[in-house]
Amino acid sequence: MKLWTSPWVSCLVILILCFGSECGTVRRKGRSKRELVRMREAKATIPGACATRLPRGKRSLPGLERRVLRQRRRSSQAEDNSPGRGKAVYFTGRGDQLRLKPGVEIPRGNFTLEMWIKPEGGQRSPTVIAGLYDKCFYASSDRGWLLGIQAVSEQGNRDPRFFFSLKTDRAHKVTSIHSNARYVPNQWAHLAVTYDGIYMKLFVNGAQVGVSREQSGDVFSHLTKKCKVLMIGGNALNHNYRGAVDRVGLWRQARAQRHIIRDMRGHEDPQDIPQLVIRETFEHPVRKWLTVKDGNFPMPEQQQAGGGGRPSFAHGGGGGEGFLDTTLEPPACGQTVCDNVEVIRNYNALWTFRRPKTVRYRVVNVWDDGRRRPTVSDHQISLQHQRLNEAFGPYNITWELSVHNVTNSSLRHRLILANCDISKVGDDACDPECNHPLTGFDAGDCMSGHRSRCPEYKQGNGVCDPECNWENFFYDLGDCCNPNATDVTKTCFNRSSPHKAYLDVKELKETLNLDGSTHLNVFFANSSDEDLAGVATWPWDKEALTHLGGIVLNPSFYGTFGHTDTMVHEIGHSLGLYHVFRGISEIESCNDACLETEPSMETGDLCADTNPTPKFKGCHDPEPGNETCGCRHFAHTPFNNYMSYADDACTDSFTLNQVARMHCYLDLIYQTWQPASKPPPVPMAPQVVEQHHNAITLEWFPPISGHFYDREVGSVCDKCTEGRVLLQYASNSSSPRPCAPSGHWSPREAEGPPDVEQVCEPSVRTWSPNSGIEQGAVGLSECPLQGCMLQLGFARALVPDSLTVWVTFFSPEETLALPAIHNILLLTVGGNNLSLGPSNVFCDAPLTIRLDSVEEEVYGVQFFTMEQHLEIDATLLASRPDCPLCRHCRPLRYRLLRRPPFTHAPHGLILTDSARRYTDRDVLPHVLYTYQVQTLSRQSESEPSPPLVHELGAPYCGDGRIQRLLGFTCVAFYSSREECDDMNSMNGDGCSSQCKKEAFFNCIVQDVLRGYGDDRESHDRT
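Once a new chain begins, its residue numbering starts again from 1 and follows that chain's sequence as written. At least 70 in pLDDT is required for a residue's local features to be given in this predicted model, at least 80 for side-chain atom pairs to be given and counted, and no such filter applies to totals for whole chains, interfaces and linings, which use all residues. Working from all heavy atoms in the structure, the side-chain values ignore hydrogens and water.

K.L.:
Can you walk me through the overall build of the protein chain in this structure?
P.N.:
Secondary structure follows DSSP: runs of H or I at least 4 residues long count as helices, runs of E at least 2 residues long count as strands, and numbering of each begins at the N terminus. Summing up its helical and strand segments, the protein chain has 14 helices and 45 strands in all. Per-residue burial for the protein chain yields a buried fraction of 62% across its 1022 residues. In the protein chain, 71% of the contacts between residues at least 6 apart in sequence involve partners at least 24 apart. Per-residue and other accessible areas were derived by the Shrake-Rupley procedure at a 1.4 Å probe size, with only the shown protein chains allowed to occlude residues. With an accessible surface of roughly 39400 Å², the protein chain has 51% of that area assigned to carbon and sulfur atoms. For every residue, the accessible area (1.4 Å probe, protein chains only) is compared with the maximum for its type, and the residue is labelled buried under 20%, exposed over 50%, or partly exposed between those bounds. For this analysis, residues touch if any pair of their heavy atoms sits within 4.5 Å.

K.L.:
Explain the pattern of salt bridges to me, please; I cannot follow it from the model alone.
P.N.:
Opposite charge on two side chains makes pairing possible when the charged atoms of those side chains draw close. Criterion for a salt bridge: a side-chain nitrogen of Lys or Arg within 4 Å of a carboxyl oxygen of Asp or Glu. This structure, assessed with the given rule, holds 33 salt bridges. Salt-bridge contacts for Lys 118 lead to Glu 301; the nearest nitrogen and oxygen are separated by 2.9 Å. Separated by 183 residues along the polypeptide, Lys 118 in strand β5 (residues 111-119) and Glu 301 in the loop between β17 (299-300) and α5 (341-349) bring together distant segments of the chain. Taking the relative accessible area as the measure of exposure, Lys 118 reaches 11% and is therefore buried.

K.L.:
Just checking my understanding: could you explain a nonpolar patch on the surface for this structure?
P.N.:
Patch membership needs two things, relative accessible area over 30% and no salt bridge, and members are linked within 9 Å if like-charged or within 5 Å if nonpolar (Val, Leu, Ile, Met, Phe, Trp, Tyr). There is a patch of nonpolar side chains on the surface, built from Ile 198, Tyr 199 and Val 211 and spanning about 240 Å² of accessible area. Mapping Val 211 onto the fold places it in strand β12 (residues 207-212).

K.L.:
Just checking my understanding: could you explain the packing of aromatic side chains for this structure?
P.N.:
Two measures describe an aromatic ring pair: the distance that separates the ring centres and the angle between the ring planes. Pairing of aromatic rings covers Phe, Tyr and Trp, the last through its six-membered ring, and needs centres within 6.5 Å; plane angles under 30 degrees mean stacked, over 60 mean edge-to-face, and all others mean tilted. What the rule picks out here adds up to 22 aromatic pairs. Centroid distance Phe 91 to Tyr 241: 6.3 Å. Interplanar angle 55 degrees. Geometry classified as tilted. With Phe 91 in strand β3 (residues 89-91) and Tyr 241 in the loop between β13 (228-232) and β14 (243-251), this residue pair connects regions lying 150 residues apart in the sequence. Exposure remark for Phe 91: the relative accessible area of 0% places this residue in the buried category. For the pair Tyr 347 and Phe 353, a centre-to-centre distance of 4.7 Å together with 50 degrees between the ring planes defines the contact as tilted. The exposure class of Tyr 347 is buried, given its relative accessible area of 0%. In this scheme, Lys NZ or Arg CZ marks a charge over a ring once it lies within 6 Å of the ring centre and within 35 degrees of the ring normal. One Lys or Arg, Lys 201, reaches over the ring of Tyr 199 and ends 5.8 Å from the middle of that ring. One Lys or Arg, Arg 255, reaches over the ring of Trp 251 and ends 4.0 Å from the middle of that ring.

K.L.:
Would you mind going over the packing of helix α6 (residues 378-392) against helix α12 (residues 565-574) with me for this structure?
P.N.:
A pair of packed helices is characterised by two quantities: the angle between their axes and the separation of those axes. Working convention: axes come from line fits to C-alpha atoms, limited for helices to the stretch in contact. Angles between N-to-C directions cover 0 to 180 degrees. One way to put it is that α6 packs onto α12 with a least axis distance of 9 Å and a crossing angle of 55 degrees. Regarding the angle of α6 to α12, the classification is oblique. Crossing handedness for the pair α6 and α12: right-handed. Facing Gln 384, Arg 387, Leu 388, Ala 391 and Phe 392 of α6, the residues of α12 in contact are Asp 565, Met 567, Val 568 and Ile 571. In the contact of α6 with α12, the residues fall into six nonpolar, one polar and two charged. The labels follow the angle: roughly parallel below 35 degrees, roughly antiparallel above 145, roughly perpendicular from 65 to 115, and oblique for the rest. The hand of a helix crossing depends on one turn: near helix anticlockwise from the far one by less than a right angle means left-handed, and clockwise means right-handed. The nonpolar class holds Ala, Val, Leu, Ile, Met, Phe, Trp, Tyr, Cys and Pro. Asp, Glu, Lys and Arg form the charged class, and all remaining residues, Gly among them, are polar.

K.L.:
Teacher, can you tell me more about the state of the cysteines here?
P.N.:
Two cysteines joined by a covalent bond between their sulfur atoms form a disulfide. Cysteine sulfur pairs qualify as disulfides if the two atoms are within 2.5 Å. All chains considered together, the criterion is met by 13 disulfides. Shown here is the disulfide that connects Cys 420 with Cys 434, its sulfur atoms set 2.0 Å apart. Across the S-S bond linking Cys 420 and Cys 434, the dihedral sits near 100 degrees, which makes this disulfide right-handed. Here Cys 420, found in the loop between β20 (415-417) and α8 (440-443), pairs with Cys 434, found in the loop between β20 and α8; they are 14 residues apart in sequence, far enough to count as distant. One exposure class covers both Cys 420 and Cys 434, and it is buried.

K.L.:
Sorry, what's going on with the sheet that holds strand β40 (residues 909-911) here?
P.N.:
Two strands in a sheet stick together by hydrogen bonds in their backbones, pointing the same way (parallel) or opposite ways (antiparallel). Paired strands are those between which DSSP finds at least two bridges. The strand order across the open sheet formed by four strands is β40-β39-β42-β43, and the pairing between neighbours is antiparallel. The open sheet is flanked by β40 and β43 (948-951), the only strands paired with a single partner. The sheet shows a mean angle of 30 degrees between the axes of neighbouring strands, direction not considered. Of the pairings in the sheet, the one linking strand β39 (residues 893-899) to β40 comprises three bridges and is antiparallel in character. Opposite Arg 895, over in β40, you have Ile 910 as the bridge partner.

K.L.:
I'm lost on the sheet that holds strand β27 (residues 687-692) in this one. Help?
P.N.:
In spatial order, the strands read β27-β28-β41; together these three strands make up an open sheet with antiparallel pairing. Pairing within the sheet leaves two strands with one partner each, and these edge strands are β27 and β41 (917-920). When the angles between neighbouring strand axes are averaged without regard to direction, this sheet yields 20 degrees. In the sheet, strand β28 (residues 695-699) pairs with β41 via four bridges, with the strands oriented antiparallel. Considered in β41, the bridge of Thr 697 is made with Thr 919.

K.L.:
Is there a simple way to think about the pairing of β5 in this case?
P.N.:
Within a regular strand, side chains alternate between the sheet's two faces. The element β5 is largely enclosed, with a buried count of nine among its nine residues. Residue alternation in β5 divides its side chains into two sets, Phe 111, Leu 113, Met 115, Ile 117 and Pro 119 and Thr 112, Glu 114, Trp 116 and Lys 118, and both sets are buried.

K.L.:
Sorry, what's going on with the pairing of β13 here?
P.N.:
Summarising burial for β13: five of the five residues are buried, a large majority. The side-chain alternation of β13 yields two buried faces, one formed by Lys 228, Leu 230 and Ile 232 and the other by Val 229 and Met 231. Taken together, the two bridges between strand β4 (residues 98-100) and β13 define a ladder with antiparallel strand orientation. Paired with Arg 99 across the two strands is Met 231, which belongs to β13. In this structure, strand β6 (residues 127-134) lies alongside β13, joined through five bridges in antiparallel fashion. Residue pairing for β13: Asp 134 is matched across the bridge by Lys 228.

K.L.:
Explanation requested: the packing of α5 against helix α14 (residues 656-668) in the structure shown.
P.N.:
In contact at an axis separation of 9 Å, α5 and α14 are set at 105 degrees when each is read in the N-to-C sense. The angle between α5 and α14 falls in the class roughly perpendicular. Along its contact with α5, which presents Val 343, Ile 344, Tyr 347 and Asn 348, the element α14 presents Leu 656, Asn 657, Ala 660, Arg 661, His 663, Cys 664 and Asp 667. Of the residues that constitute the contact of α5 with α14, the class distribution is six nonpolar, three polar and two charged.

K.L.:
Just checking my understanding: could you explain the environment of Tyr 645 for this structure?
P.N.:
When you line up the elements, Tyr 645 lands in the loop between β26 (630-632) and α14. Owing to a relative accessible area of 14%, Tyr 645 belongs among the buried residues under this scheme. In the structure, Tyr 645 is positioned 76 residues away from His 569 in sequence and 9.1 Å away in space, judged by C-alpha atoms.

Below, the structure written as structure tokens:
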């Protein structure tokens, strides 16, 4: 239990209040914590928790897996065999821009520019990747054209997209077109822009995503051609690009989309050569390019193990190598891979994924020092355990009980508040969740008009006088929190006193400090709200496997007849289930991505077998009424579902979709809760990526957990990814800035993986310079001259490859003159700390910084900012490939199963290569083959993946031909009919990785590659 002697005593107090993170002292009035808490967290209870009555927010980072960075793997074969591949170069954004040498005639009319790029996260807006400038007319610096990255939001700090702008010499204004979605940091993308004198077009990965005809005529006249300069990597105004560039092509014609796609795939047409002005592969850049004044040539891009090279594309002819995009995105309303529709369909369809699982849970029972007055009785524990297994047993989930008895009268005699943030007690506003007799009715804030007067002679007289026990009388000048003068368990309402009569749940968990990685911990707490029966930690919260995770129950609703399903409901939340009424009663607006109009695996509770329903406690369909988005009639609602609000007499079941989600999260997050768990399965069927007349090449996804090595609790191996790259989130933190009593915005909030609910809006789950400045506090709130500082440390020092920082909120008005981050300082073991300088950021995309030039071991990082409202959510330090700390880790192996079996391996092929790729040459025509993959660890093997059924020569998704009915390549339990096929497995280009048409694109059948049949696809965004 945390104890402190005075709320005013310097560092020790602040350290404890910040739960182990180092903070400075409160000095002056600044931002009101209450303002932001109420703004973003009015719906929540405590960080990392879900109350049964209260909704939670949206996904934190769209398109980003919560625990591991999005990484598109590609095969090393594809890297080596990419046709015409040169040496990509990396632009640091600091004096390494390139200027085309005089003598190369730049097209003044029609033109096409193509290039491969891999941009870093966090760029100045706008950032110029390439541009044509007029060096003669400084008064009109916008003449020419630009290709770059620009934030398109009104705030200017979010939604960064590729853009193409153009202004001819005769035009009066610039025309800009943008891509249809924000760019993905550290992923290769193929960009192309064309202009034919009428239309300007922008293509991303072969898909036309922008078009305009606002400009016309030549870009410039022959009289001004000597004034034109082509630059790559930035401009003279310091709008410089950070990232890699490869294979730049410039033509003196506006190329058709099919030619762009063909060139993107490495197929050069000799007929295009006469129109080609530049084909720069950066083998010898000095031949055609000049550096800026006092600048340097960009450095060659180092190819990383496990991916990062420029993609190539598979096709049916066998001339290129395939690759598989293994990113499994959740829907806009989802959180993790277990919300991905295809993954849950597989868990629905494969009973082997739902084989029996035993899960450990631990009941934390607090007694007084005499081993009397337990929080819950043995009878309650026994009854609840029986009901738990009755509820989950039919769905192959069995719970294994252990009881952790704590003997501590101080804890037992205190009120544990389930949903009250103690920093709100006595804050001059009545907070209903803190309104309880043992908090002094919110320290008197909820007693407005009923407070008695306190005579001055009674104040501090050595006796606790109830009429003086209010915050404005300093709780009788301390008498009511003096254990020598009164029973403090009934009279101490001062939230800063170590003897206060109450604790919040976070304080209880901190005091007990029970490991959450081996058991689901069950705590007990009361609530001033009788309707609040429990609180649970979501599986995607960073507290889920820590001492701050688990579920919290009201002891009155535990193991008592008529209330045993409360724990069933809360465990449902811990296993990833939402309320069945989420899509109706827990949405923020009628434009909310989670609004559910019909049963769906992409909206509402993400279950297609629970009809939409409002929040309702009855055991029947609700009566029609005015709901959030209009009057509706709800029929066949899931009122008997455990995730509804009906009582025990009504609730009796989970649905198949809910069961699939629970089993998925047990594989994804909670394997260490299971005493005999198997390795995580591969959640998707293998896929054909290439086919010859006598061979089939397959690739497959990694295990659902994203881990690549055998792991043990506390081992570094669960942080090692492909290529033996060690990924570390910050594990300790400090700041000279003050901390709020609640811990909100404290340095500790920047530890661990990102967990902000809604990016680009204030969140208490971040560090912010004004974290602990209470409204009315006295002192300077502005940052000092060197900037407000946050220091983060990592558990293991390493030679770094990159740094990733999630800055999820800042005020654009405060960062007009300076970047949001004033400086970043790397802390090295040798003491030679390295300054990285300022960094521009976007609030909805992580900042990424390459560190491959750093040769020293780094153990921490310091951030400096002048922006008082900047919020940092998380920081990730990645090692170089083949990190020594990962070398002892044993890679997970794979067994490729086939029916009929391989002639040389009847029980399946065990593959030690981590490439997750195999070419099967043991195949015959007219034979139907079924392939599955298993994950192998030292102890056991996973369940087989979903099956791929394929016949040699049969069509497949990615062969470039639209198959109206895939009788062979479909997985037997759901349809895989192709709607499009653009010969790649990328999403966001009009045709998804599953060969389904994507919204807002118009698919046009074209012959993309000569010599191939019809039914090729190109895509325009409409």
